[in-house]
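# Observations on chain architecture
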Amino acid sequence: MGSCRVYAAVAAGGFRRYATYRSATAAGVFTNTVFGFIVAYTYLALWDERPGLGGYDQAQALTYVWIGQALAQALSMFNAGFAVDMVARIRNGDIAVDLYRPVDLQLWYLAGDLGRAAFQLFSRGLVPLTVGALAFPLALPGDPVVWLEFLGAVVLAVVVSFAIRYVLALSAFWLLDGSGVLQFGGLVGMFFTGLLLPLNAMPGALGDIARVLPWASLLQMPADILLGARSGAAEVLMAYAFQAGWAVVLLAAGRLLQSSATRKVVLQGG
Amino acid sequence: MWIRSTLVYRTSFAAAVLTNFLVTALDFVVIWMMFSQATSLGGYSFAETAFLYGTASVSFGITALLLGSVDDLGLRVRDGSLDAFLVRPAPVLVQVAADRFGLRRLGRFLQGALVLGWSLTRLDLDWTLVKLLLLPVMLLSGAAIFGAVYVAGAAFQFWAQDAAEAQSAFTFGGLTLLQYPPTVFARDFVIGVTFVVPLAFVNWLPALYVLGRPYPIGLPWWLAFTPPLVAAGSCVLAGLAWRAGVRSYRSTGS
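As the structure is a computational prediction, the values presented were derived from the model and not from experiment.

Reading guide: rules and limits
Residues numbered from 1 in each chain as written. Chains lettered and ligands numbered in written order. Predicted model: local features only at pLDDT ≥ 70, side-chain atom pairs only at ≥ 80, totals over all residues. Heavy atoms only, no water. Helix = DSSP H or I, 4+ residues; strand = E, 2+ residues; numbered from the N terminus. Rg over C-alpha atoms; globule rule 2.2 N^0.38 Å. Buried < 20%, exposed > 50% of the residue type's maximum accessible area, 1.4 Å probe, protein only. Contact = heavy atoms within 4.5 Å. Areas by Shrake-Rupley, 256 points an atom, 1.4 Å probe, with all protein chains shown as cover. Lys, Arg positive; Asp, Glu negative; His and termini not counted. Charge placed at Lys NZ, Arg CZ, Asp CG, Glu CD. Axes fitted to C-alpha atoms, helices over the stretch in contact; angles between N-to-C directions. Left-handed = near helix turned anticlockwise from the far one by under 90°. Nonpolar A, V, L, I, M, F, W, Y, C, P; charged D, E, K, R; others polar. Salt bridge = Lys/Arg side-chain N within 4 Å of Asp/Glu carboxyl O. Polar contact = N/O pair within 3.5 Å; in protein donor to acceptor, adjacent residues only side chain to side chain. pLDDT = per-residue confidence, 0-100. Patch = residues over 30% accessible without salt bridge, like charges linked within 9 Å, V, L, I, M, F, W, Y side chains within 5 Å. Buried area = accessible area lost by both parts, 1.4 Å probe. Arc of directions from axis to C-beta.

### Re the overall build of chain A
Secondary structure summary: chain A contains 13 helices and 0 strands in total. For chain A, the C-alpha radius of gyration of 19 Å lies close to 18 Å, the compact-globule estimate for 270 residues. Viewed in the frame of its principal axes, chain A has a C-alpha envelope of about 60 × 40 × 35 Å. Burial statistics for chain A: of 270 residues in total, 51% are counted as buried. Pairs at least 24 apart in sequence give 79% of the contacts found in chain A among residues at least 6 apart. About 11600 Å² of surface is accessible on chain A, with carbon and sulfur atoms providing 68% of the total. The average position of the 16 basic charges and that of the 14 acidic charges among the side chains of chain A differ by 13 Å.

Following this line, the structure appears as structure tokens:
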């Protein structure tokens, strides 16, 4: 019970930490909105040529763009967030202090990341989506149940995103400098998340592969639920199961790596 | 010094250039995937779009190489490290640009040049001497216009210190915009990037002349030759903004 309170406090700290930077948040909202417009027009041109591409009509494709811009920060699609801190702490040896704390390292970072995501979902998510809805005919659902199902998928998406970055950050125990891995992970993730082009619209085998990788949990699943491409209890549960499955696998992999790292690797600067 | 220190670690440098190359190639992969699903976008073929992509990316690549570090200005204002630059006998802007000079950014330039070269082999154009000469003029003027946007954005950071991200809307956003045909975008949008922020002069106007295409908002054809003038004007305005920024700068005092 007491440890729950610790993690809640860490999550609240993560929320407040990001809430401090008001002009940075405003700048980010502006940038996501501008990019939303640019990408929306390119999608309009593409769906003009290929109506119904990937099973989306034009309104759904446009909605996908704005959901992507709304979720980009909450799901850390451009920056590795906590992982940058963590890699630095592994490099300079401070991680040893973290490991001695009477809290679980993975849960500690997860709590902080959930707090950050909660702030960025509302601060940086709502404005671009609203502007997009005013400027383009979007296919947003009126049913509050669908929005709740969408939020559920977003929470799972944040956990999967966290789990991926946690595994990447742990590589620093072996490589000493994890920034290259984070960069490469960001590159792969950006592509396979479907922020640039929906995974449904990716051609051939590339699309088939992209749709089963963990990054499909990030944007494609929540977007499909909101767009009604996955509707009804059974299909929504399938989407949740896909996300939860990857979350469990990746969190477990993180635990395994962490324990072998702390057993075998000599900490620097200690 | 930054170049020499980077080149000491050859493998690391090669990896950084390669990563930069791949990151920037992602935009092109998206365009390629779009064309794998459709034969044209906004009435433009793949080769024509690749030409727009290549010209915009090469110009931006030059700018990012020379001025990419200017993005960090807000950080320098916040942590006070800008103070050291102010007392040295060299222009502050040059120092900010040269410090942490990222030679790895060569990746974007190379990738853009590759796409541009490929598009030139695929395009069926009536080359004239004028068009041939316009090509390098367009690339260099484009780099200067992007440079002005970079410097103006950095100047803005003197006032809004942690708003570096707003700059990306104009730099990276502008780049993405110019990589697609202008016919893709709404009329008001095209007007905005022609007359308000003159990004259209980076490549759209001269490139459409080379491709033999009309500009979607009906402008006189000779505007294709004005990018050097627009570049000069933008640089003057950006320089004034920068000076105003430096004048208003107050150290953090810590």
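### Describing the packing of helix 2 (residues 22-49) of chain A against helix 7 (residues 126-135) of chain A
Residue and element names in this part refer to chain A. Packing of helix 2 against helix 7 leaves a shortest axis separation of 9 Å and a crossing angle of 35 degrees. In this structure, helix 2 meets helix 7 at a crossing whose hand is right-handed. When helix 2 is examined against helix 7, the residues Val29, Asn32, Thr33 and Phe37 are found in contact with a partner set consisting of Val127, Pro128, Val131 and Ala135. Split into classes, the residues belonging to the contact of helix 2 with helix 7 amount to 6 nonpolar, 2 polar and no charged.

### Quick word on the pattern of salt bridges
Counted under the stated rule, the structure contains 11 salt bridges over all chains. Ionic pairing is found between A:Asp113 and A:Arg116, a salt bridge with its closest N-O pair at 2.9 Å. Of this pair, A:Asp113 and A:Arg116 are both found in helix 6 (residues 105-123), 3 residues apart, which corresponds to roughly one turn of the helix. Note on accessibility: A:Asp113 and A:Arg116 belong to one class, buried. For B:Arg213, the salt bridge goes to B:Glu48, with nearest N and O atoms at 2.9 Å. One end of the pair, B:Arg213, is in the loop between helix 11 (204-211) and helix 12 (227-248); the other, B:Glu48, is in helix 3 (residues 46-67), and 165 residues separate them in sequence. Three or more residues joined by partner-sharing salt bridges are found here, namely A:Arg89, A:Asp94, A:Asp98 and A:Arg101.

### Description of the side chain of B:Ser141
Residues and elements named next belong to chain B. Position of Ser141 among the secondary structure elements: in helix 8 (residues 129-156). With a relative accessible area of 7%, Ser141 lands in the buried category. Of the polar contacts made by the side chain of Ser141, one reaches the backbone oxygen of Val137; its length is 2.6 Å.

### Observations regarding the confidence of the model for chain B
All names here are of chain B. Overall, the predicted model of chain B reaches an average pLDDT of 89, with 98% of residues at or above 70. Ranking the helices and strands of chain B by mean pLDDT puts helix 11 first, with 96, and helix 1 (residues 2-8) last, with 72. The complex model carries a pTM of 0.91, and its ipTM stands at 0.91.

### Description of a nonpolar patch on the surface
Residues and elements named next belong to chain B. On the surface, a nonpolar cluster with roughly 430 Å² of combined accessible area is contributed by Trp127, Leu129, Leu132 and Leu133. If you trace the backbone, Leu129 turns up in helix 8. For Leu129, a relative accessible area of 62% corresponds to the exposed category.

### Concerning the interface of chain A and chain B
Counting residues at the interface gives 31 residues for chain A and 31 residues for chain B. Contact between chain A and chain B buries roughly 2700 Å² in total, counting both sides, with carbon and sulfur atoms accounting for 75%. Per-residue buried area on chain A facing chain B is highest for A:Ile38, A:Tyr41 and A:Leu187; these three make up 21% of the total on that side. Joining chain A to chain B, the criterion identifies 1 salt bridge.

### Looking at helix 10 (residues 187-196) of chain B
All names here are of chain B. Of all the positions in helix 10, only Val190, Val193 and Thr194 are classed as buried. The buried residues of helix 10 occupy an angular sector of 100 degrees when the element is viewed end-on, so they sit on one face. The exposed residues of helix 10 that point more than 90 degrees off its buried face are Asp188, Phe195 and Val196. The inward-facing, buried residues of helix 10 abut helix 9 (164-178) and helix 11.

### Looking at the environment of A:Phe37
Its place among the elements puts A:Phe37 in helix 2. Judged by its relative accessible area of 18%, A:Phe37 is buried.

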